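The lines below spell out each chain.
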Amino acid sequence: MKSIVSTAAGDWVRPDSVHRSAYVDRDVFDAEQRRFFGATWNFVAHDSQLAKPGSYVTLDLAGRPLLVLREGDGSVGVFYNRCAHKGTKLYTDEAGEAGRMLRCPYHAWTYKLDGSPLGIPLRRDYDLQALTDCEAGRGLTRVGAVRNYRGFVFVRLDAQGVGFDDYFGASLVWLDNMADRSPTGRLQVAGGVIRNVMRCNWKMYLENINDSVHPVSAHESAGKSAKAQWEESRPPGQAALPMAVEQLLPFASGYDFFEGMDAEVYPNGHSAMGVSVSSHSAYAQPAGYEEALNAAHGPERTREILGRSPQNVVLYPSIAIKGAPLAMRVIRPLAVDRTLVEAWSFRAEDAPDLLLQRALSYNRLVFSPMSILAHDDVHLFEAVQQGLQADANPWVSLHRSFDPAELEATGTQHCKGTSELLMRNQHRAWSRFMNTMEAE
Ligand code: FES
Ligand SMILES: [Fe+2]
């Protein structure tokens with residue numbers, strides 16, 4: 001099979017289709033780990049996870065172990081989780097408290113909370129000048145760039161590259177929309193994280209977040225069962241829907257509903273599905289919540305926040321957020337055919353607890369292994385990954401609602417909710433970052 005790495009720029013992604021090697025070729029995966037994930041901005045942590053100086057979380061981003069740390073000055077720093085001596089990971093817990101300094105478990109080199117060197121056992125046996133002059137003497141290495149936006153911490157691994165504001169552009173309004181669902185503008189990670197490993201390439205998972213056509217067929221049985229169950233058990237005269245019913249019934253909708261959701265796409269792969277209406281639009285607001293938001297943000301901003309509840313906003317390529325249920329998915333490629341998907345829930349500070357319950361309920365019902373819907377997707381992701389092993393037709397179709405004018409567009413584009421523009425937009429960004437890096 002011809003490797004994508006050796007093909008000419010532009011060959012990988014056609015205007016209306018994508019070469020299957022983007023999903024199944026290990027060389028492609030290795031190349032994108034270095035190039036694409038080095039050049040793009042990726043979510044690493046939420047600052048509510050870092051209560052005080054020395055609090056840390058660890059993660060793996062595109063094969064690099066990272067340490068996200070609350071530094072002594074209160075800022076959030078992101079370092080490679082790699083001791084300057086022999087490379088040991090400083091911390092292997094998912095999260096913890098380092099205290100006033102970082103200490104390597106192997107030979108006890110220590111570092112200040114800004115990553116600079118603090119102490120070395122048997123210091124007298126070192127040529128201190130030689131040590132200071134070399135890489136090891138400089139302490140921990142920071143990633144290329146870090147930005148804490150409304151509590152969401154993102155990194156760019158490469159030292160040089162596109163800036164945060166240019167990279168996300170207009171899509172940042174959706175992080176504002178989510179954070180401003182708290183009267184104080186602050187969110188807190190709560191209720192634990194649900195993890196699933198999907199046996200598919202990460203791109204297929206990200207595409208599916210924007211695939212509003214599949215629920216009608218793939219989730220037909222789940223949606224119809226939920227509807228039938230509710231109609232059978234509904235107490236006479238009860239209009240208000242229980243939370244689970246409110247969250248599951250929209251999956252029984254037809255193509256018209258999904259088409260009418262409408263969507264926006266932004267440069268660099270980002271998108272918002274459901275900008276006109278979504279399955280979250282009709283959620284009832286808890287008593288007193290709107291009043292609290294009015295008092296904090298003013299009536300106009302409150303209407304704007306609550307009036308826009310997209311189905312999914314993809315901040316490409318690492319997260320997808322849902323403002324109304326305060327839920328987020330984090331997408332981590334593990335191998336060409338393995339993707340870790342995490343479902344996170346948020347509490348909105350000074351807002352009713354019902355909002356957190358809604359997030360937890362949604363994640364359990366729709367994204368957890370016990371979901372009545374998720375197994376439909378899990379099966380299909382695996383089936384796609386297996387099907388694409390066949391090279392008879394090397395191209396994956398993304399033709400739906402294609403318009404040649406979209407190739408010239410530079411800013412926000414609007415489309416029907418059922419358009420595959422959202423997916424084409426992801427692949428165009430992927431191709432551009434892969435090619436840019438190759439050209440350098
Ligand atoms: S590897 Fe960290 S102190 Fe030796
Ligand atoms: Fe699905």
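Q: Describe the coordination of the iron ion (ligand 2), naming the residues involved and giving the relevant values.
A: Around the iron ion (ligand 2), the donor atoms from the protein are H214 (NE2), H219 (NE2), D377 (OD) and D377 (OD), and they sit 2.1 to 2.4 Å away. When the donors of the iron ion (ligand 2) are listed by position in the chain, the intervening gaps give H-x4-H-x157-D. Here the residue H214 occupies a position in helix α8 (residues 214-218), and D377 occupies one in helix α15 (residues 374-387), the gap between them amounting to 163 residues. Accessibility classification places H214 together with D377 in one group, the buried group.

Q: How would you sum up the packing of aromatic side chains? Please name residues and give values.
A: The tally for this structure, following the rule as stated, stands at 23 aromatic pairs. Here R432 stacks its cationic end above the ring of F433, 5.6 Å away from the centre of that ring.

Q: Could you give an account of the packing of helix α7 (residues 202-209) against α15, with specific residues and numbers?
A: Interhelical geometry of α7 versus α15 gives an angle of 135° and a closest axis separation of 10 Å. By the angle between their axes, α7 is oblique relative to α15. When you trace α7 past α15, the crossing you get is right-handed. Counting all contacts with α7, which are made through M204, Y205 and N208, the residues of α15 involved are D377, F381 and V384. By residue class, the composition of the contact of α7 with α15 is 4 nonpolar, 1 polar and 1 charged.

Q: Give me the packing of helix α12 (residues 289-297) against helix α13 (residues 299-307): which residues, what numbers.
A: Where α12 contacts α13, the axes come no closer than 7 Å and their chain directions differ by 130°. Classified by the interaxial angle, the pair formed by α12 and α13 is oblique. Between α12 and α13 lies a crossing whose hand is right-handed. Contacts between α12 and α13 pair Y289, E290, L293, N294 and H297 from the former with P299, R301, T302, I305 and L306 from the latter. Considering only residue class, the contact of α12 with α13 consists of 5 nonpolar, 3 polar and 2 charged.

Q: Before we move on, can you summarise the pairing of strand β6 (residues 76-80) with the specific residues and values?
A: Counting buried residues in β6 gives 5 out of 5 residues, a clear majority hidden from the surface. Residues V76, V78 and Y80 line one face of β6 and the alternating positions G77 and F79 line the opposite face, and both faces are buried. Pairing of strand β5 (residues 64-70) with β6, which is carried by 5 bridges, proceeds in the antiparallel orientation. Each residue of the ladder has a partner; that of L69, found in β6, is G77.

Q: Help me get a handle on the layout of surface pockets, residues and values and all.
A: If you add up the space inside the largest pocket, you get close to 520 Å³. Around the largest pocket sit 27 residues that line it, and T58, L59, D60, R195 and E342 are the ones nearest its centre. Mapped onto the lining of the largest pocket, the elements with two or more residues apiece are β3 (41-46), β4 (55-61), β5, β13 (187-198), β18 (327-335) and β19 (338-348). For the lining of the largest pocket, the element with the highest residue contribution is β4, accounting for 5 residues. Tallied by class, the residues present in the lining of the largest pocket amount to 15 nonpolar, 6 polar and 6 charged. Two domains share the lining of the largest pocket, each providing at least three of its residues, namely domain 1 (42-149) and domain 2 (168-439).

Q: Which residues make up the nonpolar core, and what values go with them?
A: Formed by 69 residues in total, the largest nonpolar core has its most connected members in F154, W202, Y316, I321, M328 and W430. Residue contributions to this core reach at least three from each of two domains, namely domain 1 (42-149) and domain 2 (168-439). Setting aside residues no more than four positions away along its own chain, W202 makes contact with F29, E32, F36, F37, Y316, P317, I331, P333, T339 and W430.

Q: Let's hear about the sheet that holds strand β1 (residues 13-14): which residues, and what values?
A: As summarised here, the arrangement of the 3 strands in space is β1-β2-β20, forming an open sheet in which the pairing is antiparallel. Here the strands that pair on one side only, and so sit at the sheet edges, are β1 and β20 (395-397). Where strand β2 (residues 17-19) lies against β20, 3 bridges are found, and the strand directions are antiparallel. Directly across from S17, in β20, lies its bridge partner S397.

Scoring rules and cut-offs
- Residues numbered from 1 in each chain as written.
- Chains lettered and ligands numbered in written order.
- Predicted model: local features only at pLDDT ≥ 70, side-chain atom pairs only at ≥ 80, totals over all residues.
- Heavy atoms only, no water.
- Donors = N, O, S within 2.8 Å, 3.2 Å for Na, K, Ca; no water.
- Helix = DSSP H or I, 4+ residues; strand = E, 2+ residues; numbered from the N terminus.
- Buried < 20%, exposed > 50% of the residue type's maximum accessible area, 1.4 Å probe, protein only.
- Phe/Tyr/Trp six-rings, centres within 6.5 Å; stacked < 30°, edge-to-face > 60°.
- Lys NZ or Arg CZ within 6 Å of the ring centre and 35° of its normal.
- Axes fitted to C-alpha atoms, helices over the stretch in contact; angles between N-to-C directions.
- Parallel < 35°, antiparallel > 145°, perpendicular 65-115°, else oblique.
- Left-handed = near helix turned anticlockwise from the far one by under 90°.
- Contact = heavy atoms within 4.5 Å.
- Nonpolar A, V, L, I, M, F, W, Y, C, P; charged D, E, K, R; others polar.
- Pairing = 2+ DSSP bridges.
- 1 Å grid on protein atoms, 1.4 Å probe; cavity = no way out; pocket = protein on both sides within 12 Å on 5 of 7 lines; lining within 4 Å.
- Points joined across faces, edges and corners; volume = space filled by probe spheres on them.
- Domains from an automatic or database assignment.
- Core = buried A, V, L, I, M, F, W, Y, C linked by side-chain atoms within 4.5 Å.

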